[in-house]
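Take a look at the letters that make up each chain.
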Amino acid sequence: MELNAIKACGVHGFSPEDVFANQWVFSENDALDPQGFDKLSLRNWTLYYGQALKFTEMRDAKDRLFGVFVGIGVDPDGAIISAESFKQFNTRSKGFLEAFEAFINYTGGRFTAVIDTGTYQRAYFDAVAHMTSFYNPRTRLLAASVFLTLDRDVEYDPMFASEHIATSKLPDDVEKNFILGHSLDHETKFCLPSHYFDLDGFALHRIWPLPDSFPKAEPREYDVIIAKLVSRLREITVALVDNYECVLPISGGTDSRKLLAVLAGHHHKVKEFFCFEHTKYAVHDAAAGEYLAKILDIPFTRYHPDHAKAAFGRDKMNARNRSRKYWLRTSRVALPTAPVRTDLARLQPEGAVHLRGNVMDLTRAIWWRSFANRQEKLELGLENEIGSLFLMAEPSKEIVDKWTPEYLAWKNALPQSAQDIVYDFIFLELFLHVSSTKYYAFDKNFYINPFSDRRLIELTFQLPVDVRFGRVVNEKFIGLADPRLSNLPYRGGVRDLVRRGIFTPRTYDKQGNELTPAKLHPLHTPRNDALSWEDVAGE
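Residues numbered from 1 in each chain as written. Predicted model: local features only at pLDDT ≥ 70, side-chain atom pairs only at ≥ 80, totals over all residues. Heavy atoms only, no water.

Caption draft 1: Region of the structure containing the packing of helix α4 (residues 222–243) against helix α16 (residues 472–481). Where α4 contacts α16, the two axes come as close as 10 Å, and the packing angle between them is 60°. Considering their axes alone, α4 and α16 lie oblique with respect to each other. Between α4 and α16 the crossing geometry is right-handed. Here α4 contributes Asp223, Ile226, Ala227, Leu229, Val230, Leu233 and Arg234 to the contact with α16, which in turn contributes Val473, Lys476, Phe477, Leu480 and Ala481. For the contact of α4 with α16, the residue count by class is 9 nonpolar, no polar and 3 charged. (Axes fitted to C-alpha atoms, helices over the stretch in contact; angles between N-to-C directions. Helix = DSSP H or I, 4+ residues; strand = E, 2+ residues; numbered from the N terminus. Parallel < 35°, antiparallel > 145°, perpendicular 65-115°, else oblique. Left-handed = near helix turned anticlockwise from the far one by under 90°. Contact = heavy atoms within 4.5 Å. Nonpolar A, V, L, I, M, F, W, Y, C, P; charged D, E, K, R; others polar.)

What follows is the structure in structure tokens.
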């Protein structure tokens, strides 16, 4: 069997060792041996892995190899996942599976964990499945790429204009992203979060949430929940910086600020705080990140597009080949990243763990807005819900009718408590794992969301949507985690400080050389007028 991915590399003259260095395939065929991959044989399954892939063998108390943990994780007690993590299990004991699932389902990080004991052959995923995984029932391959599951050319999924997904060639009124497990190819499907994958029957089975996974909290409990959120996120993030060289982007938004806050007292362990300034908005993000770094007195790096031009030049063929590698690594299922953004990522310290904040959008009930700049909370209803799958304000009747059966099959499998907050679950289960496919393209670093943790998500969902929809949860969180960051301005606020001369960010010439050092007016201090829970609708 020749895999489509390996064939495509040959067509373009690429080395599979380079293109798929951080990717993987599970197969029952111990002689598959795709070019550029090493292998680890389990009982019935074999892991084929790229040379840069991070993984841990799972061996039980008797040193029996029973699986492999692909990725990076932090266990329910806050310890980094290592070979020692699995010595607590006895694969031949009656309670093995129950004990293992209690452990793996509440491990945070970015991972796909496969067990192959003879009795059980299963794959488990992190809370949002952002170690994106695909399966093909015909070839019986589980892999990091659509192309790594195929032994033929791609046959597009007819539910979409698949050949144009993730491009700019589609009009506004058609589906622009894959959803509900669909991928570029009609046979190959995404593995969905909140499920385990049965490698014997080649099917997904829901394991979360339970009907009582997130009971609604009373107002008197809100502060306790915030404290638990801070504690668990700090536990995970500190474990990561204690065990890996980590880089953390700081921008004008809320998510990176929460990660920065939980690292109070540990900033010196971070390899690099940085921001890319590849768009006009990113320039304001960079200024906001630099402002926070000045407040905390930590080093901060701004990556300028001219730095990438100097490193990689302007050769069109080289740029075209980098784009082709991007598409091969992401299976052409994720929305494209600007080439300059990809190039800037290649300038960073190689081999680092890149901390991201995307999953924390749940604390702001982001999908209840559903599309850009929506200020009012979206109401539940079939048309709105299906529109939110594709970020459409007013989906056509054709699209609603087309997707209603599949959407309702997914929704009705959720317990009522989850259906009541279905926009959160659309974001959590149907969006994040697709967008995370692009992490495979940034091959120099390992991207991870510390908030990808079921305990953190369950705590978040105990807070009513109306509470999360405002800014109070974020400010309460930041104020508790690191008061120095409490109620500081975000992107627009920092821009105003620059205009008023209170803060002067660094500037560069066209060659990327620094012209002006950053300055913070000595009279300026952070505001400390903390919000109350009565301000849930505050700006």
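Still more ground to cover, so stick around.
Caption draft 2: Quick look at empty space enclosed by the protein. Enumeration according to the criterion identifies 1 cavity of 30 Å³ or more in this entry. Taken as a whole, the largest cavity encloses approximately 50 Å³ of empty space. What lines the largest cavity is Thr342, Ala345, Arg346, Ala441, Phe442, Asp443, Lys444, Asn445 and Tyr447. By residue class, the composition of the lining of the largest cavity is 4 nonpolar, 2 polar and 3 charged. (1 Å grid on protein atoms, 1.4 Å probe; cavity = no way out; pocket = protein on both sides within 12 Å on 5 of 7 lines; lining within 4 Å. Points joined across faces, edges and corners; volume = space filled by probe spheres on them.)

Caption draft 3: Expanded view of the sheet that holds strand β16 (residues 353–355). In spatial order, the strands read β15-β14-β13-β16-β17; together these 5 strands make up an open sheet with parallel pairing. Strands with a single pairing partner mark the edges of an open sheet, and in this sheet they are β15 (301–303) and β17 (446–448). Looking at each pair of strands side by side, their axes are set apart by 30° on average, direction ignored. In terms of strand pairing, strand β13 (residues 246–249) meets β16 through 2 bridges, oriented parallel. Bridge pairing in β16 links Val247 to His354. Helix-sheet contacts for helix α6 (residues 280–296) involve β14 (272–276) and β15, and the interaxial angle to β14 is about 155°. (Pairing = 2+ DSSP bridges.)

Caption draft 4: Up close: the nonpolar core. In this structure, Trp24, Phe26, Leu142 and Phe425 are the most contacted members of the largest nonpolar core, which totals 142 residues. In terms of residue count, the dominant contributor to this core is α4 (11 residues). Sequence-distant contacts of Phe26, defined by excluding residues within four places in its chain, comprise Leu42, Trp45, Thr46, Leu47, Val68, Val70, Val114, Arg140, Leu141 and Leu142. (Core = buried A, V, L, I, M, F, W, Y, C linked by side-chain atoms within 4.5 Å. Buried < 20%, exposed > 50% of the residue type's maximum accessible area, 1.4 Å probe, protein only.)

Caption draft 5: The pairing of strand β1 (residues 24–27), seen in detail. Of the two faces of β1, the one carrying Trp24 and Phe26 and the one carrying Val25 and Ser27 are both buried. Of the strand pairs in this sheet, β1 and strand β3 (residues 46–49) are connected by 4 bridges, and their pairing is antiparallel. In the strand pairing of β3, Ser27 is matched with Thr46.

Caption draft 6: Inspection of the packing of α4 against helix α5 (residues 255–262) at higher detail. Interhelical geometry of α4 versus α5 gives an angle of 80° and a closest axis separation of 9 Å. In terms of orientation, α4 and α5 fall into the roughly perpendicular class. Facing α4, whose interface residues are Val230, Leu233, Arg234, Thr237 and Val238, α5 presents Leu259, Ala261 and Val262. Residues of the contact of α4 with α5, tallied by class, amount to 6 nonpolar, 1 polar and 1 charged.

Caption draft 7: Focus on the pattern of salt bridges. In total, this model carries 36 salt bridges according to the counting rule given. Lys7 is paired through a salt bridge with Asp153; the nearest N and O atoms lie 3.7 Å apart. One end of the pair, Lys7, is in helix α1 (residues 4–12); the other, Asp153, is in the loop between β9 (141–143) and β10 (189–190), and 146 residues separate them in sequence. Given the relative accessible area of 41%, Lys7 is considered partly exposed. With its nearest N and O atoms 3.8 Å apart, the salt bridge here joins Lys444 to Glu350. Within this pair, whereas Lys444 is found in the loop between α13 (422–435) and β17, its partner Glu350 is found in the loop between α9 (339–345) and β16, the two being separated by 94 residues in sequence. Residues joined by salt bridges that share partners form a network here, namely Arg138, Asp151, Arg152, Glu155, Asp185 and Glu187. (Salt bridge = Lys/Arg side-chain N within 4 Å of Asp/Glu carboxyl O.)

Caption draft 8: Seen up close, the sheet that holds β9. The strand order across the open sheet formed by 6 strands is β2-β3-β1-β9-β8-β10, and the pairing between neighbours is antiparallel. In the strand order of this sheet, the two ends are held by β2 (38–41) and β10, each with one partner. Of the strand pairs in this sheet, strand β8 (residues 134–136) and β9 are connected by 3 bridges, and their pairing is antiparallel. Opposite Tyr135, over in β9, you have Leu142 as the bridge partner.

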